[in-house]
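Residues per chain are reported as follows:
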2 protein chains.
Amino acid sequence: MAFVSLWLKSPSLAILAVGSVAFDTVETPFGRAERVLGGSASFFAVAASFFVPVNLVAVVGSDFPEEHLQAFRTRGIDLEGLERMDGKTFHWQGKYSYDLNARDTVCTDLNVFEFFKPKIPERYRRSEEVFLGNIDPVLQREVLDQVEKPRLVACDTMNFWIAGKPQELKRTLERVDVLLLNDAEARQLSGEWNVVKAARAIRALGPKTLVIKKGEHGVLMFGEEGSFAAPAFPLEEVFDPTGAGDSFAGGFVGYLASARERGEEVLRRAVIMGSTLASFCVEAFSLDRLLHLTRPEIDERFRLFRRLTLFEEL
Amino acid sequence: MAFVSLWLKSPSLAILAVGSVAFDTVETPFGRAERVLGGSASFFAVAASFFVPVNLVAVVGSDFPEEHLQAFRTRGIDLEGLERMDGKTFHWQGKYSYDLNARDTVCTDLNVFEFFKPKIPERYRRSEEVFLGNIDPVLQREVLDQVEKPRLVACDTMNFWIAGKPQELKRTLERVDVLLLNDAEARQLSGEWNVVKAARAIRALGPKTLVIKKGEHGVLMFGEEGSFAAPAFPLEEVFDPTGAGDSFAGGFVGYLASARERGEEVLRRAVIMGSTLASFCVEAFSLDRLLHLTRPEIDERFRLFRRLTLFEEL
């Protein structure tokens, strides 16, 4: 029985990640990438995989190639929850100007993603950390209904759901521990321009911790023990910002899942770890940099973040 | 002779600050202030006065009231270099929307400031720290011609001079140790969009240290020992951003002037001190907050900055 219990317990050491797996076509001032691997759950899962195993729940079409599946597997990402549906994989096309903080969506072909109903495999239901990627808040709640009470629920969303399904989103947020948003989304969700006021209003909706992502301007975290500010890593070459926010989330939740303790100090290091993964993500198109990253490189950049921000007392 | 030499030396313990003293009319979403005390040198001098005495070189018109002079004097600001000219004081009028990072200049009446030719009083010429506020780069150089070799020359400028007198500005920058710019100005001066590349290009023009101010997104410093990033203090009420950059410069140069040592660690604390003074400045119109500030309040907010940014090693 001890053996069985150990076997039953082991999946809870992995993060459950639900979101999109997609093809991205991206144009930046530095080049163009056509139908490369993208999607919020892809970036999240690969970033988080440096810390703990990841159980991926998403949907792809019959056109999704074996090489991408293999890339996930080599990163320890479990694909039992990756549904394969007849039809085409979600395709997103975007374009960036020199101001890499702003992007235009050229087209969004939902394809099979339009019919996505997350089904959580039995093995995944005792996950202690759950990441709800940017999908319909009703589906996000259906994911939570399928899992046992996790230790941590982290959630992303976007302007489309904030404007289109505000009541559904609020019902979901009541069950979320950490919400990750960008600054425009935080303003939209709260109706407050000032980010400190926005953070207070959003935390009153449920999430104890709010992480506001500001692209090249870094991250602000608001939590039970006050606020924490982290810069973005100053990079000489930002090649493609696509996936930076999801890579941040992957580094953040992944680090939290791997940490023995909880509390403010672990959350702060998780923010830096998220920023570290995001800083690597933007160095290349798609997952090209993350899939060739090593843990020593991650730890070295974390140390550089400390050197970037540290100052002495008076 | 020892007494005379001491007397001659004492003014070098003060900062020489050259720039504008003005009336500001400011409109924000939170209120309106009419013809209140403003100008780059005013904010700089009051902010710096918490650390060392300041010798002010600027020009005002015959309409400049005694109460403002008295406010400067109570902060230990020497006014021998404040020229009084027949005519009206420089008047700037601006308007902010909810996005307090962006402002529209409604009108700029240079008045007596149009004829400003900085004359450095004999007593000020051995100042060890010089702050060249945002004036014509030709005049900035004329200031440097009138002083003995200072220990530190800090300089501000703006888009008007970057576009209008680039060669004159570059000649001035050859003699500058620390240049303070906002991010748009750094991009404009360097012709580089990426701030890391922009910083390298600007530092090649002369300034060993470049401080890029990003408003609510904080500050990046690029120097001989790499880069340093500091957030802005997350405030619930930003009342009026006017003067924040000059208050930053005052806290930064003031702290450097008061420090016994030089080097990277002092520069980093100076950035935080600048950010601290800027965070107080924006809490009220004009110099209202800075003129009622105390050193213990400053030191307490400096400590809060440390708490805001500190995280442990892995």
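Everything below is about the structure shown above.
**Quick notes on the environment of Thr276(A)**
Residues and elements named next belong to chain A.
No. 1: Note on placement: Thr276 falls in helix 10 (residues 264-281).
No. 2: Classification of Thr276 as buried rests on a relative accessible area of 0%.
No. 3: Note: C-alpha distance between Thr276 and Arg35 (241 residues apart in sequence) is 26 Å.
No. 4: Residues in contact with Thr276, not counting those within four places in the same chain, are Ile298, Arg301, Phe302 and Phe305.

**Quick word on the interface of chain A and chain B**
No. 1: Each side of the interface is counted separately: chain A has 42 residues, and chain B has 42 residues.
No. 2: The junction of chain A with chain B conceals about 4,100 Å² of combined surface from both sides, 53% of it contributed by carbon and sulfur atoms.
No. 3: Sorting the residues of chain A by area buried against chain B places Glu236(A), Phe311(A) and Leu314(A) first, and these three jointly supply 20% of that buried surface.
No. 4: Linking chain A with chain B are 12 salt bridges, by the criterion used here.
No. 5: Note that Arg200(B) and Glu236(A) form a salt bridge whose closest N and O atoms lie 2.6 Å from each other.
No. 6: Viewed at the interface, chain B and chain A are joined by 24 residue pairs in polar contact (both at pLDDT 80 or more).
No. 7: Those elements giving two or more residues to the side of chain A that touches chain B turn out to be helix 7 (183-190), helix 8 (195-203), strand 14 (226-230), helix 10 and helix 11 (295-309) of chain A.

**Comments concerning helix 6 (residues 166-173) of chain A**
An α-helix turns once every 3.6 residues. As a result, residues three or four positions apart point the same way.
Residues and elements named next belong to chain A.
No. 1: Within helix 6, the full set of buried residues consists of Leu169, Thr172 and Leu173. Taken end-on, helix 6 shows its buried residues confined to a sector of 100°, consistent with a single buried face.
No. 2: Looking at the buried residues of helix 6, the elements they touch are helix 4 (137-146), helix 5 (159-164), strand 11 (178-182) and helix 7.

**Section: the pattern of salt bridges**
No. 1: In this structure the tally under the stated criterion is 57 salt bridges over all chains.
No. 2: A salt bridge links Lys117(B) to Glu142(B); the nearest nitrogen and oxygen atoms lie 3.2 Å apart. Of this pair, Lys117(B) sits in the loop between strand 8 (103-109) and strand 9 (129-132) while Glu142(B) sits in helix 4 (residues 137-146), and the two are 25 residues apart along the sequence.
No. 3: Through salt bridges that share partners, Glu27(A), Arg32(A), Glu34(A) and Lys95(A) make up one connected network.

**Overview of the environment of Gly133(B)**
Residues and elements named next belong to chain B.
No. 1: You can see Gly133 is positioned in the loop between strand 9 and helix 4.
No. 2: Between the C-alpha atoms of Gly133 and Ala249, which are 116 residues apart in sequence, the distance is 9.2 Å.
No. 3: Not counting residues up to four positions away in its chain, the partners in contact with Gly133 are Val18, Gly19, Ser40, Gln140 and Asp156.

About the thresholds
- Residues numbered from 1 in each chain as written.
- Chains lettered and ligands numbered in written order.
- Predicted model: local features only at pLDDT ≥ 70, side-chain atom pairs only at ≥ 80, totals over all residues.
- Heavy atoms only, no water.
- Helix = DSSP H or I, 4+ residues; strand = E, 2+ residues; numbered from the N terminus.
- Buried < 20%, exposed > 50% of the residue type's maximum accessible area, 1.4 Å probe, protein only.
- Contact = heavy atoms within 4.5 Å.
- Buried area = accessible area lost by both parts, 1.4 Å probe.
- Salt bridge = Lys/Arg side-chain N within 4 Å of Asp/Glu carboxyl O.
- Polar contact = N/O pair within 3.5 Å; in protein donor to acceptor, adjacent residues only side chain to side chain.
- Arc of directions from axis to C-beta.

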